[in-house]
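Examining the three-dimensional arrangement
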Amino acid sequence: MAESAGGGNPLSLFLPFILIIGVMYFLVMRPQQKRRREAMELQNKLGPGDEIVTIGGLHGTVVAIEDDVVLLEIAPAVQVRFARPAIARVVTRAEEPVADTVDEPATSTETVVDETPNPVVDVRKQD
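Figured I'd write up the structure that's included with this text. Numbers given for residues are sequential positions, taken from 1 along each chain in its written order. Only residues with pLDDT of at least 70 get local features here, since the model is predicted, and only at 80 or more are side-chain atom pairs given and counted; chain-wide, interface and lining totals rely on the full set of residues. Excluding hydrogens and water, the side-chain figures rest on all heavy atoms present in the structure.

Okay, a nonpolar patch on the surface next. Residues enter patches when they are more than 30% accessible in relative terms and free of salt bridges; like-charged ones are connected within 9 Å and nonpolar ones (Val, Leu, Ile, Met, Phe, Trp, Tyr) within 5 Å. Computed by Shrake-Rupley with a 1.4 Å probe, the accessible areas treat only the displayed protein chains as cover when residues are assessed. Each reported salt bridge corresponds to a side-chain nitrogen of Lys or Arg within 4 Å of a carboxyl oxygen of Asp or Glu. Together, Ile20, Val23, Met24, Tyr25, Phe26, Leu27, Val28 and Met29 line one region of the surface with nonpolar side chains, adding up to about 780 Å² of accessible area. A run of H or I in DSSP counts as a helix once it spans at least four residues, and a run of E counts as a strand once it spans at least two, with each numbered from the N terminus. Among the secondary structure elements, Phe26 is positioned in helix H1 (residues 10-44). On the basis of relative accessibility, which here comes to 51%, the residue Phe26 falls in the exposed class. Exposure categories follow from relative accessible area, calculated using a 1.4 Å probe and restricted to protein chains: below 20% of the type maximum is buried, above 50% is exposed, and the middle band is partly exposed.

Next up, the structure:
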């Protein structure tokens, strides 16, 4: 008895395509949606005084925000308008204090090691 060639399960024909679509979703679409959400969150948290970088590489400070337009100060008394989606990243937030790096003097509990003088001596004649 010979079996017919078309008698297989139709789901087995579509299973590879379904798997490819599933893999594409997890490798391409999900990370893209995550980046889009993060960009929207960044743009919604913008406030006056934030230092930002645009997608074109322009550095500026946010002066004012309207619906989907951001007013940036790129130099003293020079202001430009940008679309909100043109903001690539925030360098510093206005409410974040700038960390000062102050070197503290050595405390008395630390051991100070005296360095020996350099044994190399300059023997050139000086006129």
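Quick look at the sheet that holds strand S4 (residues 78-83) now. What holds strands together in a sheet is hydrogen bonding between their backbones, with the strands either parallel or antiparallel. Pairing between strands requires that DSSP locate at least two bridges from one strand to the other. Strands sit in the order S4-S3-S2-S1-S5 across an open sheet of five strands; the sheet is antiparallel. The strands lining the two open edges of the sheet, one partner per strand, are S4 and strand S5 (87-92). Pairwise comparison of adjacent strand axes, ignoring direction, gives a mean angle of 45° for this sheet. Across four bridges, the pairing between strand S2 (residues 59-65) and strand S3 (residues 69-75) is antiparallel. Across the sheet, Ile65 pairs through a bridge with Val70, a residue of S3. The convention used is that axes are lines fitted to C-alpha atoms, helices contributing only their stretch in contact, and that angles between N-to-C directions extend from 0 to 180 degrees.

The subject of this paragraph is the packing of aromatic side chains. Any two rings among Phe, Tyr and Trp, with Trp reduced to its six-membered ring, count as a pair given centres within 6.5 Å; such a pair is stacked if its planes are under 30 degrees apart, edge-to-face if over 60, and tilted if neither. Counted by the stated rule, this structure contains one aromatic pair. Centroid distance Tyr25 to Phe26: 5.3 Å. Interplanar angle 80°. Geometry classified as edge-to-face. When its relative accessible area of 32% is taken as the criterion, Tyr25 is described as partly exposed.

Before going further, it helps to spend a moment on the side chain of Asp50. Mapping Asp50 onto the fold places it in the loop between H1 and strand S1 (51-54). Ignoring anything within four residues of it in the chain, the contact list for Asp50 reads Lys45, Gly60, Thr61, Val62, Val90, Thr92, Arg93 and Ala94. Pairs of residues are marked as contacts when any of their non-hydrogen atoms sit within 4.5 Å.

Glancing now at the side chain of Arg84. Counting through the fold element by element, Arg84 comes out in the loop between S4 and S5. Side-chain atoms alone can form a polar contact between residues adjacent in sequence; in general such a contact is a pair of N or O atoms within 3.5 Å, and within protein one must be able to donate a hydrogen while the other accepts it. From its side chain, Arg84 meets the backbone oxygen of Asp67 in a polar contact 3.5 Å long. Not counting residues within four places of it along the chain, the set of residues in contact with Arg84 comprises Gln43, Asn44, Ile65, Glu66, Asp67, Asp68 and Val70.

Moving on: the pattern of salt bridges. Scanning all chains against the criterion turns up two salt bridges. Between Arg93 and Asp50 there is a salt bridge, with its nearest N and O atoms 3.3 Å apart. Residue Arg93 is found in the segment after S5, and its partner Asp50 is found in the loop between H1 and S1; the two are separated by 43 residues along the sequence. There is no split in this pair, since Arg93 and Asp50 are both buried.

Let us now look at unusual backbone geometry. Of all residues except glycine, most have a negative phi; of all peptide bonds, most are trans. Despite not being glycine, Ala77 shows a phi value in the positive range, around 65°. Residue placement: Ala77 occurs in the loop between S3 and S4.

Before going further, it helps to spend a moment on the nonpolar core. The biggest cluster of nonpolar side chains holds eight residues, and these are Leu42, Leu46, Ile52, Val62, Val70, Leu72, Ile87 and Val90. Looking at this core, the elements that each hand over two or more residues are S3 and S5. In this view, Leu42 contacts Ile87, Ala88, Arg89, Val90 and Arg93; residues no more than four positions away in its chain are not counted. Joining through side-chain atoms within 4.5 Å is the link that ties buried Ala, Val, Leu, Ile, Met, Phe, Trp, Tyr and Cys residues into a set, and such a set is a nonpolar core.

What follows covers H1. Its 35 residues give H1 an end-to-end C-alpha distance of 48 Å, which sits within 8% of 51 Å, the value for a rise of 1.5 Å per residue. Approximately 40° is the largest bend angle found in H1, and it occurs at Tyr25. In this scheme, a helix's expected span is set at 1.5 Å multiplied by one less than its residue total. The angle separating two fitted axes, one through the seven residues that finish at a residue and one through the seven that start at it, defines the bend at that residue.

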